[in-house]
Amino acid sequence: MATDDMYKGWVGEDKSSAEGKMVWKQFVPKVWEETDVEIKITHSGVCGSDVHTLRSGWRDVPYPIVVGHEIVGVAIRVGSKAEGDIKVGDIVGVGPQADACLNRDADYSCVECAEKSENYCARRIVTYAGKHRNGSKTQGGYALYHRAPSHFVVKIPTGLAPELAAPMLCAGATVYAPLKRFHAGPGKRIAVVGIGGLGHFAVLFAKALGADEVVGISRKDDKRQDALDLGCDGYIATGADPDWATKNARKFDIILNTVASTKMPFAEYLGLLRLDGTLVQVGLPEGPIPFMPSGMNGARRTVAGTYIGSPSEMREMLQVALEKNIKPWVEQRPMKDANSAILDLEAGKPRFRYVLVN
């Protein structure tokens, strides 16, 4: 059972934890507040961010740490001051964000929170590797229980399977938000770079939003059939055709780049954009990528970045997923196999998301 002062989960004690060396042990959860919801975790998605964080790839992290920010489970305790209509027994989820300023500070006015773009709040707090406003460390979902501020807890729509909803809370929202922002839909031709955990969601949502054409792009030809099975209208294998960039020049309105490599042919991707086209970089490499501004000037192109999804965007996305019967490719694995799951993720084995199950 959960207690106020101790949970159990997979704890990363240092950088070696990314090598499959997380330890199952007790850890201290967020100190309870009456604005919180406590969740008995049933499903926790395995995200590339978990591995980047465990090894301090983006920045040094405050070990010990419990990762996992695609959390779905049953609300077992709802604070007396909790927001929304969440009740004990509801199936709920938590994504990569734990909190934001929400304009609660008299000396600080936040336009982002006022506009329900809490994911861009300068004082946002992440679901793990951060600190709550009350000083508690944020800890994630590779565990039995999770405690979160209610503003960032979303109800999972009835009829949407929890194992499918879990990876939508980060991977799904990370691509859904820019597709909506840049008006993916009828009349638009869209390319998705990287047919993986993020990319396969991008294909599914781009098709659901009604894009005229969706094309998958990957280095090798081995994901061609997967891309077509997901609904792609075409596929480009950049390593198999030396003329791929020339053949597809000025073809796409939107490119969603999910690749997190520093060695990507970024300049060539830019050349695939039509006049006023936009490349949205959602993959986050651990180092700089090659970028030449001249690649934008000749066709009035834009390079943009977006960050996860706000609570309102996540609710909208989950409803779209339910109504359009979106089925991400998910492999369920027992929570006890978390270490082997992250090793398999690093080896590129999932097609396309792992979800840990309690």
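Worth saying up front: this structure is predicted, and the values here are computed from it rather than measured.

Caption draft 1: A look at the nonpolar core. M168, L179, I190, I195, F205 and L318 are the most contacted members of the largest nonpolar core, which has 45 residues in total. Elements that contribute at least two residues to this core include exactly α3 (162-181), β10 (189-193), α4 (197-208), α5 (224-230), β12 (234-237), β13 (252-257) and α9 (311-323). Looking at which element gives the most residues to this core, the answer is α3, with nine residues. There are two domains that each give this core at least three residues, and those are domain 1 (7-155 + 328-357) and domain 2 (171-305). With near-sequence residues (within four places) excluded, L179 lies in contact with A184, I190, A202, F205, A206, L209 and L256.

Caption draft 2: How the structure looks around α4. Across its twelve residues, α4 extends 17 Å between first and last C-alpha, which sits within 8% of the 16 Å expected from 1.5 Å per residue. Of all twelve residues in α4, eleven are buried; the element is thus mostly enclosed. Where α4 is concerned, the buried positions are G197, L198, G199, H200, F201, A202, V203, L204, F205, A206 and A208.

Caption draft 3: Examining the packing of aromatic side chains more closely. Scanning the entire structure with this criterion turns up seven aromatic pairs. Note on Y7 and Y145: the rings are 5.8 Å apart at their centroids and 45° apart in plane angle, and the pair reads as tilted. On the criterion of sequence distance, the pair formed by Y7 in strand β1 (residues 7-11) and Y145 in strand β8 (residues 145-149) is long-range, its members being 138 residues apart. A relative accessible area of 4% means that Y7 is categorised as buried. Given a relative accessible area of 8%, Y145 falls into the buried group. By the ring-pair criterion, three or more aromatic residues cluster together here, those being Y7, F27 and Y145. Residue placement shows R77 over the ring face of W32; its charged tip is 3.8 Å from the ring centre. In this structure, R124 packs its charged tip against the face of Y307, placed 4.4 Å from the ring centre.

Caption draft 4: Focus on α3. The sharpest bend along α3 comes to roughly 55°, located at M168. Within α3, 16 of the 20 residues are buried, which leaves it mostly tucked inside the rest of the structure. Among the residues trailing α3, H183 stands out with phi positive, at a value near 60°.

Caption draft 5: Quick look at the UniProt feature "domain: Enoyl reductase (ER)" (unreviewed entry) in the protein. As recorded in UniProt, the feature "domain: Enoyl reductase (ER)" (unreviewed entry) lies at residues 20-356. Helix makes up 25% of residues 20-356 and strand makes up 25%, while its end C-alpha atoms are separated by 15 Å.

Conventions and cut-offs
- Residues numbered from 1 in each chain as written.
- Predicted model: local features only at pLDDT ≥ 70, side-chain atom pairs only at ≥ 80, totals over all residues.
- Heavy atoms only, no water.
- Core = buried A, V, L, I, M, F, W, Y, C linked by side-chain atoms within 4.5 Å.
- Buried < 20%, exposed > 50% of the residue type's maximum accessible area, 1.4 Å probe, protein only.
- Helix = DSSP H or I, 4+ residues; strand = E, 2+ residues; numbered from the N terminus.
- Domains from an automatic or database assignment.
- Contact = heavy atoms within 4.5 Å.
- Expected span 1.5 Å × (residues − 1).
- Phe/Tyr/Trp six-rings, centres within 6.5 Å; stacked < 30°, edge-to-face > 60°.
- Lys NZ or Arg CZ within 6 Å of the ring centre and 35° of its normal.
- Bend = angle between axes of the 7 residues up to and from the residue.
- UniProt positions renumbered as here; feature names shortened; annotations may be inferred.

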